[in-house]
Amino acid sequence: MTDQSGTIESHPLRAGEDPTTYPPTAEFREQANINDPSIYWRAAEDPEGYWAEQAQKLSWTKPFTEILDWSNPPFAKWFQDGELNVAANCLDRHVQAGLGDRVAIHFEGEPGDTRSITYAELTHEVKRAANMLTSLGVEPGDRVAIYMPMIPETVIAMLAVARLGAAHSVVFGGFSAESLRARIDDAQAEIVITADGGFRKGRASALKPTVDDALALHGGGSSVQKVLVVERTKNDISMTEGRDLWWHEEITAYDGEHEAKGFPAENPLFILYTSGTTGRPKGILHTSGGYLTQASTTHRDVFDLKPETDVYWCTADVGWITGHSYVVYGPLANGATQVMYEGTPETPDWGRWWSIIQKYGVTIFYTAPTAIRACMKVGRQVPEQYDLSSIRVLGSVGEPINPEAWRWYHEVIGAGTAPIVDTWWQTETGAIMIAALPGLTSLKPGSAQVAQPGIRVNVVNDAGERVERGQGGLLTIQRPWPSMVRNIWGDPERFIETYWEKFGDMYFAGDGARVDDDDGDVWLLGRVDDVMNVSGHRLSTAEIESALVEHNSVAEAAVVGATDETTGQAVVAFCVLKSQQTALTPEDAEAALKAHVAAQIGAIARPRQILIVTELPKTRSGKIMRRLLKDVADGKEVGDTTTLADTRVMSTIQEQIRVP
Ligand code: 6R9
């Protein structure tokens, strides 16, 4: 369904879908990095050869001779006899190529302070930080926790850790002390890098006190030896003698001489925790050579990056995988110039993002559907006040983009011409797996469309058989890919069980999908497990349920992801209170429990609504029927209740609650 005329075509329509497709214009196609469709079949014929060719674009201190070792599935090894330094690939090699004066990061602080940092400067700072970390005892293989706002030092810290062959574990700054501590303990991190605070929504939001609280939990003893604190907000914080150090004071002792050593391609690069179907977050382990290969390849080809002229901006926080792969590793490995913004899109007003695009002449913009919907609500008159004509490619990530948001993004932000690449991938996949290539693909609003060259996906039924085109099923990935999750940190059994047990040698993504009858485009249909997607962030129903039942007033809790116009899904909890607590008004209980969840997990997990009920619907075997509760939360007619132990429960619940 690709043509060169730039005219709009139609494809067979399904309920709720937009019938229009948007082929690349002849002009875009002409200049695109990838404009020869034979890339798909060439990569399909020899995927390993394709990935090896991409890996060669990095610089290796010791070239690899073996591409993939899949002799012990599901534990893949890519390029394993090769050695490289990930940070040097993102820094030194650009400087050596004479690109030291190119801006790597245009930083825009929320209060309006700005810094433009060239590749030479960034390299210098990372070398100094690497020297500082070495003298604090960081060695190859160690883990360093990073709990930071969106400021350049966060990138510097990540790259300095990577430069030493150690692994970082970045914890999103919105997570609570409990969540931070659980992640520190699981990875046994010896150093935490943090900041006094960061600017969000017009004020300083403290971070260091949360680190203090985290380290004081469970009697105070932890793996952490040192806490390095970057000064950002200058809010009042306390420093623990012998443990806490100011970054700006320490760093003065170190110069910018640091030689990057090569490390094996399978050396751990980072651990990033994500929600799974149980209460305990999983430490997703990524390694070096394969990860960097796929992050950089997809960043270059999916966004059609021209590093000499483009100004790229991904709005994700580095606390998420999108920030790792498409703020730090992909763009820097490609020598891109990018914008990094500290704050929220509505500060000081909803024009902030658009003013940043105008100011820096952003050409490639990558954000999430939830943000687009929030901007839509505010209205097109806001972005229309700014000159967004520099934009030539738009990206979307985190959840399916509904056609209405797609069209708004396309027309209002992309002037009706910029292609939108809808990118499907996961923390576990490490890099983009399904997305259009903007010089080749006729775009279909709402579909992520095509597996990347060298990637093979299949939609299968429960028995692992391919479903007919047009039918829904489970999304699987057929072959190992370079940036795939290597393990769950410290828990190989859970790794096998979660992703591989269901279908043997195929990776089970946890998403439902459908393949189009006409051209095989992939449509994502949402999670098929107990993972919710709130504003593009993954939250586990089980994790929030266990936080709720830890509260002394709660006897039982069930959490569902209700449909929400802006955030995609929203957390709705149903709680049964302990009998002695029934004197609490439902309003008081709701407020107390919302605050409790935010304190336990983090503000992102705070339920939109907590409904106090006297009983939960269960099957005869005692399983909570969340499907029925989701119907209630969505204000829909409640589905089939025949398998309930007590079929009256649902009518009692509906009488008890008020759904807005
Ligand atoms: C990158 C990221 C992964 C889950 C994934 C899926 C959903 C992400 C999507 C999408 C439809 C897209 N998801 N991108 N669904 N279309 N373009 O978001 O990673 O936080 O691990 O979430 O997000 O359900 O399984 P992560």
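Residues numbered from 1 in each chain as written. Predicted model: local features only at pLDDT ≥ 70, side-chain atom pairs only at ≥ 80, totals over all residues. Heavy atoms only, no water.

Going by what an unreviewed UniProt entry lists, the protein chain is known as Acetyl-coenzyme A synthetase and is assigned to Leucobacter edaphi. Regarding the protein chain, the UniProt comment filed under Sequence similarities (unreviewed entry) reads as follows: "Belongs to the ATP-dependent AMP-binding enzyme family." (UniProt positions renumbered as here; feature names shortened; annotations may be inferred.)

A few words on the site of the ligand. Asp422, Thr427, Asp511, Arg527 and Arg538 are the nearest of the 17 residues found near the ligand. In the environment of the ligand, an oxygen atom lies 2.6 Å from a nitrogen or oxygen atom belonging to the side chain of Asp511. Between the ligand and Arg538 there is a distance of 2.7 Å, counted from an oxygen atom to a side-chain nitrogen or oxygen. Protein chains bury 96% of the 530 Å² of accessible surface belonging to the ligand in isolation. Those elements that provide at least two residues to the shell around the ligand are α12 (321-333), β22 (420-423) and β27 (522-527). Taken together, the residues of the shell around the ligand break down into six nonpolar, six polar and five charged. (Near = heavy atom within 4 Å. Polar contact = N/O pair within 3.5 Å; in protein donor to acceptor, adjacent residues only side chain to side chain. Areas by Shrake-Rupley, 256 points an atom, 1.4 Å probe, with all protein chains shown as cover. Helix = DSSP H or I, 4+ residues; strand = E, 2+ residues; numbered from the N terminus. Nonpolar A, V, L, I, M, F, W, Y, C, P; charged D, E, K, R; others polar.)

Quick look at the nonpolar core now. Counting 188 residues, the largest nonpolar core has Leu159, Ile193, Trp247, Tyr329, Phe365, Ile544 and Leu548 as its most contacted members. Each of domain 1 (26-499) and domain 2 (531-656) gives at least three residues to this core. Residues in contact with Tyr329, not counting those within four places in the same chain, are Val86, Cys90, Met158, Leu159, Ala162, His168, Leu269, Phe270, Tyr291, Leu292 and His324. Core analysis: the next-biggest nonpolar cluster, separate from the first, contains 20 residues, Phe574, Val576, Leu611 and Val649 among them. (Core = buried A, V, L, I, M, F, W, Y, C linked by side-chain atoms within 4.5 Å. Buried < 20%, exposed > 50% of the residue type's maximum accessible area, 1.4 Å probe, protein only. Domains from an automatic or database assignment. Contact = heavy atoms within 4.5 Å.)

Time to look at the domain arrangement of the protein chain. Parsing the protein chain into structural domains produces domain 1 (26-499) and domain 2 (531-656). On a C-alpha basis, the centroid separation for the pair domain 1 and domain 2 is 33 Å. With 24 residues of domain 1 at the contact, the number on the domain 2 side is 21 residues. Together, the buried faces of domain 1 and domain 2 total about 1,700 Å²; carbon and sulfur atoms form 46% of this surface. Together, Ser275, Trp320 and Thr370 form the three largest contributors to the area buried by domain 1 at its contact with domain 2, with a combined 26%. Joining domain 1 to domain 2, the criterion identifies one salt bridge. (Buried area = accessible area lost by both parts, 1.4 Å probe. Salt bridge = Lys/Arg side-chain N within 4 Å of Asp/Glu carboxyl O.)

Let us now look at the UniProt feature "binding site: ATP" (unreviewed entry) in the protein chain. Per the UniProt record, the feature "binding site: ATP" (unreviewed entry) sits at Gly398, Glu399, Pro400, Asp422, Thr423, Trp424, Trp425, Gln426, Thr427, Asp511, Arg527 and Arg538. Tracing the sequence through the fold places Glu399 in the loop between β21 (393-397) and α15 (403-413). The class for Glu399 is buried, based on a relative accessible area of 12%. Leaving out residues up to four positions away in the same chain, Glu399 has contacts with Pro369, Thr370, Arg373, Asn533, Ser535, Gly536, Thr567 and Gly568. One polar contact links Glu399 to Arg373, side chain to side chain, over a distance of 3.0 Å. Here Pro400 shows up in the loop between β21 and α15. In this structure Pro400 comes out as partly exposed when scored by relative accessible area, which is 37%. Look past the residues within four positions of Pro400 in its chain and what remains in contact with it is Pro369 and Leu524.

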